[in-house]
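# Secondary and tertiary structure notes
These are the residues of each chain, in order.
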Amino acid sequence: MGGGSGALTLVLAFLAVACLPAAFALLLCLDDIIDRVVCGWVEWRERRREGRTLARLGRSLGGDALTRHVDLARLDRPDRQPFEGVAADLRRLARHRLAAGGRSVVWHSSVMDAYDDRLRAACQALGIAEHLGELTGVDREIERVRVEGMLARAGLVLPTTRGVRRLRDPQA
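Quick summary incoming for the structure in this document. Computed from a prediction, not measured in an experiment: that's the story for all the values here.

## Section: the pattern of salt bridges
A complete count under the given rule lists 7 salt bridges for this structure. Where Asp116 meets Arg140, a salt bridge forms, and the shortest distance between an N and an O atom there is 2.9 Å. Highlighted residues: Asp116 in helix α4 (residues 105–126) and Arg140 in helix α5 (residues 137–154), separated in sequence by 24 residues. For the residue pair Asp116 and Arg140, the accessibility class agrees, reading buried in each case. In this structure, Arg144 and Asp116 form a salt bridge, with 2.7 Å as the shortest nitrogen-oxygen distance.

## Looking at the nonpolar core
Note on soluble globular proteins: their nonpolar side chains tend to be buried together. In this structure, Leu90, Tyr115, Leu119, Ala122, Leu151, Leu156 and Leu158 are the most contacted members of the largest nonpolar core, which totals 17 residues. For this core, the secondary-structure elements that each account for two or more residues are α3 (83–98), α4 and α5. Considering each element in turn, this core owes the most residues, 6 residues, to α4. Ignoring any residue separated from it by four or fewer positions in sequence, one finds Ala122 in contact with Phe83, Val86, Leu90, Leu151 and Leu156.

## Section: the packing of α3 against α4
In contact at an axis separation of 9 Å, α3 and α4 are set at 150° when each is read in the N-to-C sense. Viewed along their axes, α3 and α4 adopt a mutual orientation that is roughly antiparallel. Regarding α3 and α4, the two cross each other, and that crossing is left-handed. Mapping the contact onto sequence places Phe83, Val86, Asp89, Leu90, Leu93, Ala94, His96 and Arg97 in α3 and Trp107, His108, Val111, Met112, Ala114, Tyr115, Arg118, Leu119, Ala121, Ala122, Ala125 and Leu126 in α4. In the contact of α3 with α4, the residues fall into 15 nonpolar, 2 polar and 3 charged.

## Remarks on α5
Taking 1.5 Å per residue, 18 residues should reach 26 Å; α5 reaches 26 Å between its end C-alpha atoms and fits that length. Within two residues after α5, Gly155 carries a phi angle of roughly 115°, on the positive side.

Analysis parameters
Residues numbered from 1 in each chain as written. Predicted model: local features only at pLDDT ≥ 70, side-chain atom pairs only at ≥ 80, totals over all residues. Heavy atoms only, no water. Salt bridge = Lys/Arg side-chain N within 4 Å of Asp/Glu carboxyl O. Helix = DSSP H or I, 4+ residues; strand = E, 2+ residues; numbered from the N terminus. Buried < 20%, exposed > 50% of the residue type's maximum accessible area, 1.4 Å probe, protein only. Core = buried A, V, L, I, M, F, W, Y, C linked by side-chain atoms within 4.5 Å. Contact = heavy atoms within 4.5 Å. Axes fitted to C-alpha atoms, helices over the stretch in contact; angles between N-to-C directions. Parallel < 35°, antiparallel > 145°, perpendicular 65-115°, else oblique. Left-handed = near helix turned anticlockwise from the far one by under 90°. Nonpolar A, V, L, I, M, F, W, Y, C, P; charged D, E, K, R; others polar. Expected span 1.5 Å × (residues − 1).

Pasting the structure below:
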């Protein structure tokens with residue numbers, strides 16, 4: 001039995017010497033390992049907290065009501081123009097529309113048609129009902145004002161609706 005325990009001691013001593021560099025490396029890098037584990041845990045906890053906060057905010061604001069009429073699959077199409085581009089086009093066309101003095105009737109009509117087309121695209125992207133294509137004359141202009149107001153309520157303030165907002169709230 002004495003020879004067997006001596007061999008076992010020798011094997012354990014050999015393993016201890018072989019594992020000694022790994023033990024030193026572990027001791028030297030222990031602070032980095034602990035730091036990575038703690039940072040990962042803190043980031044996970046913050047993501048979880050943010051997710052709960054966003055979920056709570058969505059429930060309180062009725063988040064489903066905001067996106068209920070928006071077809072999210074339509075937003076993933078590769079040929080879809082980004083909403084920022086639609087908003088920029090609307091602002092540019094609204095400025096042209098306001099500065100139409102001295103321009104021809106054909107030019108003004110073309111600007112109005114392009115403006116209405118971009119209004120329809122913005123309404124479609126935001127899930128706002130509009131009837132610009134169905135109306136003509138004064139009815140179409142009234143619908144245009146209504147749609148501009150709905151877009152302003154959704155956060156897309158156009159040059160034509162900015163003045164109305166300033167009248168209601170002088171701080172805006």
